[in-house]
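Okay, here's what each chain looks like letter by letter:
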Amino acid sequence: MSDDAGILLVAGLGNPGERYERTRHNAGFWFVDRVASQYHGTFCRESRFFGEVCRVDVAGVAVRLLKPATMMNRSGQSVCAMASYFDVPSERILVVHDEIDLPPGTSRLKRGGGHGGHNGLRDIISCLGKSFWRLRLGVGHPGHRDQVVNYVLSRASRGEEDIILDDVDEALALMPQLSAGDMERAMHCLHTMDT
């Protein structure tokens, strides 16, 4: 554990607007919305960061939340603008996104890696590199890669959506460890919940 290595910026990925609000691709937005609610924060539009931002106190640590308003494929424009402005190193950034390679109700925390075909991650990596943390929220796979776009841009069944939101709440409980830099403990707790 390192008290100088905790998460300072949590970027939830999604697409802005009512049309996309409840789609699987917006699972990252669902997470940061829950964090803001839990820690009594309010999102405000901030044009210099190309998105909506919020500042919350998590166990004595000031953590900034971000919802890019750039559409998913341009998420890096928003995340990198905010990281640069506040001088947040990539290893203290958590990007939260939907993950088709995990079933609903399963999430994983990891640092680094590729984009795995996720265009939001691809854009962030292009300007930030690969060393940021990722919280991958499982939304399931449609069964064939040709169906992925329509799948993530559609709403899950009520039952699956409830499972995903329960998983979001389980991950939310780890925010104190994440802000404190206790990443190993957070990973152990999260991955144990899913077994």
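Residues numbered from 1 in each chain as written. Predicted model: local features only at pLDDT ≥ 70, side-chain atom pairs only at ≥ 80, totals over all residues. Heavy atoms only, no water.

Novice: Please explain the overall build of the chain as it appears in this structure.
Specialist: Scanning the chain from N- to C-terminus turns up 7 helices and 7 strands. Order of helices (α) and strands (β) in the chain, N terminus to C terminus: β-α-β-β-β-α-β-β-α-β-α-α-α-α. Whereas a compact globule of 195 residues would reach a radius of gyration of roughly 16 Å, the chain reaches 15 Å, a difference of no more than 12%. Taking the principal axes of the C-alpha coordinates as reference, the chain spans close to 40 × 40 × 30 Å. Out of the 195 residues in the chain, the part that is buried amounts to 52%. If you take every contact in the chain between residues at least 6 apart in sequence, the share linking residues at least 24 apart comes to 68%. Accessible surface computed for the chain: about 9,100 Å², of which carbon and sulfur atoms make up 46%. (Helix = DSSP H or I, 4+ residues; strand = E, 2+ residues; numbered from the N terminus. Rg over C-alpha atoms; globule rule 2.2 N^0.38 Å. Buried < 20%, exposed > 50% of the residue type's maximum accessible area, 1.4 Å probe, protein only. Contact = heavy atoms within 4.5 Å. Areas by Shrake-Rupley, 256 points an atom, 1.4 Å probe, with all protein chains shown as cover.)

Novice: Please clarify how helix H3 (residues 119–128) should be interpreted in this entry.
Specialist: Because an α-helix completes one turn every 3.6 residues, residues spaced three or four positions apart along the sequence face the same direction. Within H3, burial applies to Gly 120, Leu 121, Asp 123, Ile 124, Ile 125 and Leu 128. Buried positions along H3 lie against helix H2 (75–85), strand E5 (93–99) and strand E7 (133–138).

Novice: Where do I start with the packing of helix H1 (residues 27–38) against helix H5 (residues 158–172) in this structure?
Specialist: Two numbers describe a pair of packed helices, the interaxial angle and the distance between the axes. Orientation of H1 relative to H5, taken along the N-to-C sense of each, is 50°, at an axis distance of 10 Å. In terms of orientation, H1 and H5 fall into the oblique class. Taken as a pair, H1 and H5 cross one another with a handedness that is right-handed. Contact with H1, carried on its side by Trp 30, Phe 31, Arg 34, Val 35 and Gln 38, involves Glu 161, Ile 164, Leu 165, Val 168, Asp 169, Ala 171 and Leu 172 of H5 and no other residues of that element. Broken down by class, the residue content of the contact of H1 with H5 amounts to 8 nonpolar, 1 polar and 3 charged. (Axes fitted to C-alpha atoms, helices over the stretch in contact; angles between N-to-C directions. Parallel < 35°, antiparallel > 145°, perpendicular 65-115°, else oblique. Left-handed = near helix turned anticlockwise from the far one by under 90°. Nonpolar A, V, L, I, M, F, W, Y, C, P; charged D, E, K, R; others polar.)

Novice: Looking at this model, I keep getting lost on unusual backbone geometry. Mind explaining?
Specialist: For Phe 50, which is not glycine, the phi dihedral falls at a positive 55°. In this model, Met 71 sits at a positive phi of 75°, which is unusual for a non-glycine residue. Position of Met 71 among the secondary structure elements: in the loop between strand E4 (61–68) and H2. In this structure Met 71 comes out as partly exposed when scored by relative accessible area, which is 34%.

Novice: Where do I start with the sheet that holds strand E1 (residues 9–12) in this structure?
Specialist: The pairing of strands in a sheet happens through backbone hydrogen bonds and is either parallel or antiparallel. Across the sheet, 7 strands lie side by side as E2-E3-E4-E1-E5-E7-E6; this open sheet has mixed pairing. Looking at strand neighbours, the two that pair on one side only are strand E2 (44–46) and strand E6 (107–111), the edges of this open sheet. Sheet twist, expressed as the average angle between the axes of neighbouring strands with direction ignored, equals 25°. In the sheet, E1 pairs with E4 via 3 bridges, with the strands oriented parallel. Bridge assignment links Leu 9 to a residue of E4, and that residue is Arg 64. (Pairing = 2+ DSSP bridges.)

Novice: Looking at this structure, I do not really get the layout of surface pockets. What am I missing?
Specialist: Gaps between atoms show up when a probe of the same size as a water molecule is rolled over them. The space that makes up the largest pocket amounts to roughly 470 Å³. Together, 24 residues line the largest pocket, and His 25, Gly 117, His 118, Asn 119 and Val 148 are the ones closest to its centre. Secondary structure elements with two or more residues in the lining of the largest pocket: E5, H3, E7 and helix H4 (148–152). Its residues assigned to classes, the lining of the largest pocket comprises 8 nonpolar, 10 polar and 6 charged. Its volume calculated, the second largest pocket comes out at about 290 Å³. Around the second largest pocket sit 17 residues that line it, and Glu 21, Asn 26, Phe 29, Asp 33 and Lys 67 are the ones nearest its centre. Elements that contribute at least two residues to the lining of the second largest pocket include exactly H1 and E4. (1 Å grid on protein atoms, 1.4 Å probe; cavity = no way out; pocket = protein on both sides within 12 Å on 5 of 7 lines; lining within 4 Å. Points joined across faces, edges and corners; volume = space filled by probe spheres on them.)

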